[in-house]
Amino acid sequence: MNTTLGQRHLIHLRFQLPEQPHPDLLADLKQLLEQITPKVQILPPDSAILDVTGAIRFWERDAAALARLAQLRTAAHHGLRTAAATAPTLMLAAMACALTPPGQLTTIDPTSTAIRSFLRPRPVRELPGIGPRTARLLTDYGLHTIGDLADTPLLTVQRLLGASTGRTLHDRAHGHDLRAVNPQPTPRSSSAEHRFPQDELSPERHRRALLTLTDHLGHRLRTTGQATARLTLTVRYADSSTTTRQQALAEPSNHTANLARTAYDLYGKLGLQRARVRSITVRCEQLMDAARATEQLSLDPHRTNVLLAEGAIDALNRRFGVGTVRSAATYGGCS
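All values reported here derive from a predicted model rather than from experimental measurement. All chains use their own residue numbering, which begins from 1 and follows the written sequence. Only residues with pLDDT of at least 70 get local features here, since the model is predicted, and only at 80 or more are side-chain atom pairs given and counted; chain-wide, interface and lining totals rely on the full set of residues. Working from all heavy atoms in the structure, the side-chain values ignore hydrogens and water.

## A word on the overall build of the protein
1) Next: In terms of helices and strands, the protein carries 12 helices and 10 strands.
2) Next: Under the scheme applied here, a residue whose accessible area is under 20% of the maximum for its type counts as buried, over 50% as exposed, and between as partly exposed, the area being computed with a 1.4 Å probe on protein chains only. The buried share of the protein, taken over its 335 residues, is 46%.
3) Next: Of the contacts formed within the protein by residues at least 6 apart in sequence, a portion of 68% connects residues at least 24 apart.
4) Next: Residue burial considers only the protein chains on display, and all accessible areas are found by Shrake-Rupley using a 1.4 Å probe. Carbon and sulfur atoms form 51% of the exposed surface of the protein, whose accessible area is close to 17,300 Å². The helix and strand labels rest on DSSP assignments: H or I over at least four residues marks a helix, E over at least two residues marks a strand, and numbering proceeds from the N terminus. We call two residues contacting when some pair of their heavy atoms lies within 4.5 Å.

So, in C-alpha cells, the structure goes:
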C-alpha cells in the first residue's frame, strides 16, 4: 500500500482513563503504541498522537486500520476504551477525536474535499485558539462557522482580531497545520536563572533581569510550540535564603509581554525593601501545546504591535542566533 508523496497520516487517541490512573500508565501506553510506530507523542492528561506515515507500508494497512489496531491493543493490554481519529494534520485529528465517542473511530481522508467537509460546518468556537470572547466577537459579525471564517478575507480577519492572531486563525480555518509529532517527552517546566555579578539592591535592575528572563523563556516556548499556564519566581538573597511565589497566568501563553507582566506581579508581591538579591529564577510550569491554548481577544493596538515585533525578533534570532536581537528594555546592565 503506497502513500502519496508529502502526505501525512496521523492518529489521535483519547483514552478513557480511570479516576486515579497508575502514575506509569501513560508511559506504558506509549511503549505499547511504539510497537506500531516509533513516532508517538503523549499529550497529558489522556491523549496520544501517532504519525503512521512511514508505518503504513510496513504494516500494509491504512491509517484507519492502524487506529483500530491501536484501540484493540489498548483494550487488550490495559482494559481501556479509546476514541480515535485519523487525519493529515495534528489539528484535524485532535478536533475529530474530540467529537468521537470512546470505542469509535473517525476518519478524515487527506483530500481537500474531505478536509473542507469536516471543517467548514463546525462552529467557529471549536477552532483551536478561539476563546469565548473571540467566538462572541466573530458571531457578532456573522461568522458562525469555521467556513464563514475561512471565506472572510485575511485583512478583514486581521482588522477584527489583530495581525498575528488573525493570520493564525485564518490559516487554521483552512486546515493548515504543519506541526510534527514529537516523540520526545514534553517537559513539565522550563526555567531560566539570572545571577547578579554582586548582591543587587536596585529594584530597577531586578525588574530588568525579570524582563530578560521572560524574554528568553518566551522565545524558548515559541520555538518549541509550547505555552505555559503558571509562573514560579524564586529570589535568592545575600544570606542564601530564598523566597518563592507562584501565580497562574490569565490564560496560557508564550508571549514575552504576558510572562513579564506576571513576573512583575510576583515580584511586587514580595514587597522587597532594599533586599540584597543574589539571583532570580523564573520557571514556566504546566506547559502545554501552544495550539491547544486559547488567546483572549485584545483590541489594544499597542499589544498588536508588540506581538508583531516579537514575531520579527524570533525570525531574526532563528537566522542569526538566539540572543542576537532582544527587546530594547532588556539592555543596560543585565544579560
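Still more to cover.
## Here's the deal with the nonpolar core
1) Next: Counting 34 residues, the largest nonpolar core has Leu92, Ile108, Leu119, Leu127, Ile130 and Leu149 as the members making the most contacts within it.
2) Next: Per-element accounting of this core gives the leading share, 7 residues, to helix α4 (residues 90-98).
3) Next: Other than its neighbours up to four places away in sequence, Leu119 contacts Met91, Leu92, Met95, Ile146, Arg172, Ala173, His174 and Gly175.
4) Next: Within this scheme, the nonpolar core is defined by two criteria: the residues are buried Ala, Val, Leu, Ile, Met, Phe, Trp, Tyr or Cys, and they are joined through side-chain atoms within 4.5 Å. Counting residues in each nonpolar core, the second largest holds 23 residues, with Leu266, Ile280, Cys284 and Leu287 among its members.

## Structural notes on the pattern of salt bridges
1) Next: Salt bridge, as applied in this entry: a Lys or Arg side-chain nitrogen positioned within 4 Å of an Asp or Glu carboxyl oxygen. Here the structure, examined in full by the defined rule, presents 9 salt bridges.
2) Next: Note that Glu34 and Lys30 form a salt bridge whose closest N and O atoms lie 2.5 Å from each other.
3) Next: Judged by its relative accessible area of 33%, Glu34 falls in the partly exposed class.
4) Next: Salt-bridge contacts for Arg205 lead to Glu200; the nearest nitrogen and oxygen are separated by 3.8 Å.
5) Next: By relative accessible area, Glu200 is classed as buried at 12%.

## Remarks on the sheet that holds strand β3 (residues 47-51)
1) Next: Strand order in this open sheet of 5 strands is β2-β3-β1-β4-β5, and the pairing throughout is mixed. Strands at the two margins of the open sheet, each flanked by one partner only, are β2 (40-43) and β5 (105-107). When strand polarity is set aside, the average angle formed by the axes of neighbouring strands in this sheet is 15 degrees.
2) Next: Note on pairing: two strands pair once DSSP finds at least 2 bridges between them. Bridge analysis of strand β4 (residues 82-87) against β5 gives 3 bridges, and the strand direction is parallel. Bridging from a neighbouring strand, Thr86 pairs with Thr107 of β5. Only the stretch in contact is used when a helix axis is fitted, and all axes are lines through C-alpha atoms; the angle between N-to-C directions ranges over 0 to 180 degrees.

## Quick word on the confidence of the model for the protein
1) Next: Of the residues in the protein, 84% have a pLDDT of 70 or more, and the chain-wide mean is 87.
2) Next: Confidence scores labelled pLDDT are given residue by residue by the predictor and lie between 0 and 100. Counting contacts from residues 1-5, a segment whose pLDDT is below 50, to residues more than four positions away or on other chains yields 9 contacts.

## Quick notes on the packing of helix α8 (residues 154-161) against helix α9 (residues 163-173)
1) Next: Their axes nearest at 7 Å, the elements α8 and α9 cross at an angle of 130 degrees. The angle between α8 and α9 falls in the class oblique. Crossing of α8 over α9 shows right-handed handedness. Across from Leu154, Val157, Gln158 and Leu161 in α8, the residues of α9 making contact are Ala163, Thr165, Gly166, Arg167, Leu169 and His170.
2) Next: Counted by class, the contact of α8 with α9 contains 5 nonpolar, 4 polar and 1 charged residues. Here roughly perpendicular refers to angles of 65 to 115 degrees, roughly parallel to angles under 35, roughly antiparallel to angles over 145, and oblique to all remaining angles. Put simply, a crossing is left-handed when the front helix is turned counterclockwise from the back one by less than a right angle, and right-handed when it is turned clockwise. Asp, Glu, Lys and Arg are counted as charged, while Ala, Val, Leu, Ile, Met, Phe, Trp, Tyr, Cys and Pro are counted as nonpolar; the rest, among them Gly, fall into the polar class.

## A closer look at helix α1 (residues 25-33)
1) Next: When α1 is considered as a whole, its buried residues turn out to be Leu25, Leu26, Leu29, Lys30, Leu32 and Leu33. Burial along α1 is one-sided: seen end-on, the buried residues are contained in an arc of 160 degrees.
2) Next: Elements that come into contact with the buried residues of α1 comprise β1 (10-15), β2, β3 and α3 (63-78). Directions from the helix axis toward the C-beta atoms define the arc.

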